[in-house]
Amino acid sequence: MNSSILSQIFSAGTFEQTIRSATPVALAALGGLMTEHAGIMNIGMDGMILMGALTAVLGSYFLGSAFGGIMTAVLFGILVGLFFALFVVKLKSDEFIIGCALNIFASGFTAYVSRAVFGLSGTSGYTIPCLSAIEIPLIRRIPFIGEIISGNTILVYATWLLVFIMWVVVYQTPYGFWTRAAGEKPETLRTAGISPDRMKWLASILCGMFCGLAGAYLSLGYLNGTFVEGMSASRGYIAFACVIFASANPGKAYLAALMFGFFDAIGLRLQNYISSDLTSAIPYAITIIMMVYVVVRKEQKKKNRPESVA
């Protein structure tokens, strides 16, 4: 019995599911870390992902192309990012309240539009072009590893590339330096002749784009052209937790997303032995533990920090 459970947990299918589950969280986290560096706490990412998922399905359905659906989600994500920045950056509204309002609006908006277009039964019964799996011949032949890496959609592979690109942007380019300065030392940045508000606008737009991509993958890749009300399932909050846990580092944020994906995959594997209600709670419990760890670590750093001598 125990060997059967362990063989399922550490199978190639589990690790493949880990990557698939981690991808939308990682994409959203890449956007969230930009707003975090710019000094904006964006908890509205869950709503951004949900709207991205719906607009991707709508774009794919009406344009007859999964690529068209992805572009629709990205463009709509830019609009949502601009909307968020309008209130937070321009009008100086409370970012926490705006983020909560965005999540609530997204829940009602997506449910209304989905029912208006597809009816109460949702997208079931509709043919919606979705992202196809890409088989990599040489990689596929490698035992175990080939089963994990090959056979994923284009957005999975794009995520790996984007993690590297965002690391370069954040830590190796002037734009990344200016973005970090906008959140840490805005007055110094302003003295250098660069507007901190402009960097916050750009960070919000990027966050909207990445969350749109995350939603597109969720509906067109992960669920093969399906939209379900509330399908973001708090992934935006988990992405935010990954950003905080990783100190807004792209590589570390992806590893944190992989940790969520791994426990999500384990939960799916254990449904044959444990109630699905319990297994589905595992990744969210791990997220709470991550946040507790961050808080405890910060408190320990404060205690260990040497006191300044008067």
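This one's a predicted model, so the numbers in the text were calculated from it and none came from an experiment.

Definitions and cut-offs
Residues numbered from 1 in each chain as written. Predicted model: local features only at pLDDT ≥ 70, side-chain atom pairs only at ≥ 80, totals over all residues. Heavy atoms only, no water. Helix = DSSP H or I, 4+ residues; strand = E, 2+ residues; numbered from the N terminus. Contact = heavy atoms within 4.5 Å. Areas by Shrake-Rupley, 256 points an atom, 1.4 Å probe, with all protein chains shown as cover. Lys, Arg positive; Asp, Glu negative; His and termini not counted. Charge placed at Lys NZ, Arg CZ, Asp CG, Glu CD. Buried < 20%, exposed > 50% of the residue type's maximum accessible area, 1.4 Å probe, protein only. Patch = residues over 30% accessible without salt bridge, like charges linked within 9 Å, V, L, I, M, F, W, Y side chains within 5 Å. Salt bridge = Lys/Arg side-chain N within 4 Å of Asp/Glu carboxyl O. Axes fitted to C-alpha atoms, helices over the stretch in contact; angles between N-to-C directions. Parallel < 35°, antiparallel > 145°, perpendicular 65-115°, else oblique. Left-handed = near helix turned anticlockwise from the far one by under 90°. Nonpolar A, V, L, I, M, F, W, Y, C, P; charged D, E, K, R; others polar. Phe/Tyr/Trp six-rings, centres within 6.5 Å; stacked < 30°, edge-to-face > 60°.

> Could you give an account of the overall build of the protein chain, with specific residues and numbers?
A tally of regular secondary structure across the protein chain gives 15 helices and 0 strands. In terms of principal-axis extent, the alpha carbons of the protein chain reach across some 65 × 45 × 40 Å. Long-range pairs, those at least 24 residues apart, make up 76% of the contacts in the protein chain with a sequence separation of at least 6. Counting only carbon and sulfur atoms, one obtains 66% of the accessible surface of the protein chain, whose full area is about 15,000 Å². Taking the 20 positively charged and 15 negatively charged side chains of the protein chain as two groups, their mean positions are separated by 6 Å.

> Tell me about the environment of Val294, and name the residues and values.
Here Val294 lies in helix α15 (residues 282-304). By relative accessible area, Val294 is classed as buried at 3%. As a C-alpha pair, Val294 and Ser247 span 47 residues in sequence and 9.3 Å in three-dimensional space. What Val294 contacts, discounting residues up to four positions off in sequence, is Ile244 and Phe245.

> Pulling in residues and values, what's your account of a positive patch on the surface?
Judged by side-chain charge, Lys252, Lys298, Lys301 and Lys302 come together as a positively charged surface patch. If one sorts the elements of the positive patch by residue count, α15 sits on top with 3 residues. Along the polypeptide, Lys298 turns up in helix α15.

> Any chance you could break down unusual backbone geometry for me, citing the residues and the numbers?
Of note, the phi angle at Ser234 is positive, near 65°, even though the residue is not glycine. The phi dihedral of Ala248 falls on the positive side, at around 60°, and the residue is not glycine. Relative to the elements of secondary structure, Ala248 occurs in the loop between α12 (235-245) and α13 (250-269). Its relative accessible area of 4% is what places Ala248 among the buried residues.

> Explain the side chain of Ser204 to me, using residue names and the numbers behind them.
Of note, Ser204 is situated in helix α11 (residues 196-222). Classification of Ser204 as buried rests on a relative accessible area of 1%.

> Which residues make up a nonpolar patch on the surface, and what are the values?
A cluster of nonpolar side chains, Leu161, Phe164, Ile165 and Trp167, forms an exposed patch at the surface whose accessible area comes to about 400 Å². Inspection of the secondary structure assignment puts Ile165 in helix α8 (residues 154-172).

> Any chance you could break down the packing of helix α2 (residues 12-37) against α12 for me, citing the residues and the numbers?
How two helices sit against one another is set out by the angle between their axes and by the gap between those axes. Between α2 and α12, the least distance of the axes is 8 Å, while the angle of their chain directions is 55°. By the angle between their axes, α2 is oblique relative to α12. Crossing of α2 over α12 shows right-handed handedness. In this structure, α2 contributes Pro24, Val25, Ala28, Ala29, Gly32, Leu33 and Glu36 to the contact, and α12 contributes Arg235, Ile238, Ala239, Phe240, Cys242, Val243 and Ile244. When grouped by side-chain class, the residues that make up the contact of α2 with α12 number 11 nonpolar, 1 polar and 2 charged.

> Give a description of the packing of aromatic side chains that names residues and reports values.
The description of an aromatic ring pair rests on the distance of the ring centres and on the angle between the ring planes. Evaluated as defined, the whole model comprises 13 aromatic pairs. Between Trp167 and Tyr171, the aromatic rings sit 6.0 Å apart at their centres with planes inclined by 50°, giving tilted as the arrangement. Of this pair, Trp167 and Tyr171 both sit in helix α8, separated by 4 residues, roughly a single helical turn. Through pairs of rings, three or more aromatic residues link up here, namely Phe15, Phe144, Phe262 and Phe263.

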